[in-house]
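# Chain and residue survey
The lines below spell out each chain.
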Amino acid sequence: MREDVGTPTQPKIGWICSTQDDEHEGRTPRYREIQTMAQEVERLGLDSFWVADHVLYRPSANPVEERGMWEALTFLSALAATTSRITLGTLVAPTSFRNPALLAKMADSLDEVSDGRFVLGIGAGWHKPEYDAFGYPFDHLASRFEEAVQVIVPLLRDGHVDFHGQYATAENAVLRPRGPSPHGPRVLIAGRRPKMLRLVARYTAAWNTAWHTKPEVVAERWAEMQAICREEGRDPATLELTCGVVARISLPGEPAIEDHAESISGTPEAVATALRGFIDVGVQHLILAVEPQQRDTPERLGRVVDLLQRS
């Protein structure tokens, strides 16, 4: 699924909204609150709205910190029906949670509900406790992912696939009816290891690297990705570089935010300045996770986006 993304005149800015327990002003966000925030960031000019696809977070070091979250594709379907412009996506959906042909079917249906605004972000998965709790196999995640991609991408692109692998099978599978996108929704892969990067180069429209605070690290990883694209016979200019950044944004009159090793922090002006560094090294789509998540997060994001657009 190789789409020419071209050279954008304006970088895209998105927000990944948490649906996790206790992460919305210390409590679980309800759907109507998430809907309101999605509509607000759309009104304020953001380009995309993302949710993570997990079923459980259970840190082994501290089981008391166990958290749950809402099911991602169900919520995105509802958001697709209640927004009109903003791109919606998963960051990311582990292909091991669902049969890959069914995941493609769900993505194509979301393409229809959103009128072509859905991006299927996929990954191999990593958090073993949720696999154990929900009965998903946790062995050979990279190999399972590679086979899943060989089902998902051709099925979305062509509407048909025949695949027989060790972990995934799709015999004369078809997608009917089809959503509005001629080759199905765009596919994004998040990954770091060389095997994952080669799958990006061979199959997908976009690559996500996360989470970063230093543009120079992104530049190094992007150079590695570009080299792999060339080895695979792909023009790197046809791959969209997306990057995840954690931000902590303080408004005028609020106490200064202390620097944090895993986030960029400060006023909207300071955050916008830091984000320009990522744009300068080639990032085409910035996806922000804002901490803490609260009712006025869209307003804080809107100020940052306004400053970036002015520049």
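This section reports on the structure supplied with the text. (Residues numbered from 1 in each chain as written. Predicted model: local features only at pLDDT ≥ 70, side-chain atom pairs only at ≥ 80, totals over all residues. Heavy atoms only, no water.)

### Quick word on the overall build of the chain
Test applied: The numbering of helices and of strands both runs from the N terminus, where a helix is a DSSP run of H or I of at least 4 residues and a strand a run of E of at least 2. The globule rule used for comparison is 2.2 Å times the number of residues to the exponent 0.38, while the radius of gyration itself is calculated over C-alpha atoms. For the exposure calls, accessible area comes from a 1.4 Å probe over protein chains only, and a residue counts as buried if that area is under 20% of its type's maximum, exposed if over 50%, partly exposed in between. Pairs of residues are marked as contacts when any of their non-hydrogen atoms sit within 4.5 Å. Shrake-Rupley sampling with a 1.4 Å probe provides the accessible areas, and residues are treated as covered by the protein chains on show and by no other component. By the counting rule applied here, Lys and Arg register as positive and Asp and Glu as negative, while His and the ends of each chain are not counted. Charge positions come from single atoms, namely NZ of Lys, CZ of Arg, CG of Asp or CD of Glu.
Helix and strand counts for the chain come out as nine helices and twelve strands. The C-alpha radius of gyration of the chain comes to 19 Å, within 12% of the 19 Å expected for a compact globule of 311 residues. Per-residue burial for the chain yields a buried fraction of 51% across its 311 residues. Considering only contacts in the chain between residues 6 or more positions apart, those separated by 24 or more positions represent 70%. Entry remark: accessible area of the chain is about 14,100 Å², with carbon and sulfur atoms responsible for 50%. Each charge class in the chain can be summarised by its mean position, and for the 33 positive and 43 negative side chains these summaries are 2 Å apart.

### Details of the pairing of strand S9 (residues 206–209)
Strand residues, when the strand is regular, have side chains that alternate between the two faces of the sheet. What counts is decided by this rule: At least two bridges found by DSSP between two strands are what make those strands a pair. When the strands point away from the viewer, a crossover counts as right-handed if the route from the first strand across the helix to the second turns clockwise.
Because side chains alternate across S9, one face comprises the buried residues Ala 206 and Asn 208, and the other comprises Trp 207 and Thr 209, equally buried. Relative to S9, strand S8 (residues 186–190) runs parallel, the two sharing three bridges. Counted as the bridge partner of Ile 189 is Trp 207 from S9. Taking the sense of rotation as the criterion, the β-α-β connection linking S8, helix H6 (residues 194–203) and S9 turns out right-handed.

### Things to note about unusual backbone geometry
Cis geometry marks the peptide bond from Leu 91 to Val 92, where omega comes out at -10°. When you line up the elements, Val 92 lands in the loop between strand S3 (87–90) and strand S4 (93–94). For the bond running from Arg 176 to Pro 177, omega is -5°, close enough to zero to count as cis. Structurally, Pro 177 is set in the loop between strand S7 (169–174) and S8. Even without being glycine, Asn 172 reaches a positive phi, approximately 50°. Looking at where Asn 172 falls in the secondary structure, it is placed in strand S7.

### Examining the side chain of Thr 209
Looking at the element boundaries, Thr 209 is found in strand S9. Of the residues examined, Thr 209 reaches a relative accessible area of 3% and is grouped as buried. Residues within four places of Thr 209 in sequence aside, it is in contact with Val 218, Arg 221, Leu 241, Thr 242, Cys 243 and Gly 244.

### Quick look at the state of the cysteines
Here is the rule: Disulfides are defined as cysteine sulfur pairs within 2.5 Å.
The full count for this structure, using the stated rule, is zero disulfides. Cys 17 takes part in no disulfide bond, and the closest cysteine sulfur, belonging to Cys 243, lies 19 Å away. The thiol of Cys 229 is not disulfide-bonded; the next cysteine sulfur, from Cys 243, is found 16 Å away.

### Here we look at the side chain of Asn 208
When you line up the elements, Asn 208 lands in strand S9. A relative accessible area of 4% means that Asn 208 is categorised as buried.

### Quick notes on the pattern of salt bridges
Defined as follows: Basic side-chain nitrogens of Lys or Arg form a salt bridge, by our definition, when they fall within 4 Å of a carboxyl oxygen of Asp or Glu.
Counted by the stated rule, this structure contains 23 salt bridges. Measuring nitrogen to oxygen at the nearest pair gives 3.1 Å for the salt bridge that ties Arg 186 to Glu 240. Of this pair, Arg 186 sits in strand S8 while Glu 240 sits in strand S10 (residues 240–249), and the two are 54 residues apart along the sequence. A relative accessible area of 21% means that Arg 186 is categorised as partly exposed. Linked by salt bridges that have partners in common, Arg 198, Arg 202, Glu 231 and Glu 232 make up one network.

### Let's talk about the environment of Val 246
Mapped onto the fold, Val 246 is located in strand S10. Once the C-alpha coordinates of Val 246 and Ala 289 are considered, the two residues, 43 residues apart in sequence, prove to be 4.6 Å apart. Sequence-distant contacts of Val 246, defined by excluding residues within four places in its chain, comprise Trp 211, Glu 262, Ser 263, Ile 264, Ala 289 and Glu 291.

### Topic: the packing of helix H2 (residues 72–82) against helix H3 (residues 100–113)
We count it as follows: With axes taken as lines fitted to C-alpha atoms, and helix axes fitted only over the stretch in contact, angles between N-to-C directions fall between 0 and 180 degrees. Roughly parallel means an angle under 35 degrees; roughly antiparallel means over 145; roughly perpendicular covers 65 to 115; every other angle is labelled oblique. Left-handed is the label given to a crossing in which the near helix is rotated counterclockwise from the far helix by less than a right angle, and right-handed is the label when the rotation is clockwise. Asp, Glu, Lys and Arg are counted as charged, while Ala, Val, Leu, Ile, Met, Phe, Trp, Tyr, Cys and Pro are counted as nonpolar; the rest, among them Gly, fall into the polar class.
For the pair H2 and H3, interaxial distance at closest approach is 9 Å and the crossing angle is 15°. In terms of orientation, H2 lies roughly parallel with respect to H3. For the crossing formed where H2 meets H3, the hand is left-handed. Across the interface between the two elements, Leu 73, Leu 76, Ser 77, Ala 80 and Ala 81 from H2 touch Leu 103, Met 106, Leu 110 and Val 113 from H3. Tallied by class, residues from the contact of H2 with H3 come to eight nonpolar, one polar and no charged.

### Digging into the nonpolar core
Rule in force here: Each nonpolar core is a collection of buried residues, namely Ala, Val, Leu, Ile, Met, Phe, Trp, Tyr and Cys, held together in the definition by side-chain atoms within 4.5 Å.
Trp 15, Phe 49, Met 225 and Leu 275 are the most contacted members of the largest nonpolar core, which totals 81 residues. The biggest single contributor to this core is helix H5 (residues 141–158), with nine residues. Leaving out residues up to four positions away in the same chain, Phe 49 has contacts with Trp 15, Cys 17, Ile 34, Met 37, Ala 38, Val 41, Leu 79, Ile 86, Thr 87, Leu 88 and Gly 89. Grouped together as the second largest cluster of nonpolar side chains are ten residues, Leu 91, Val 92, Ala 206 and Val 246 included.

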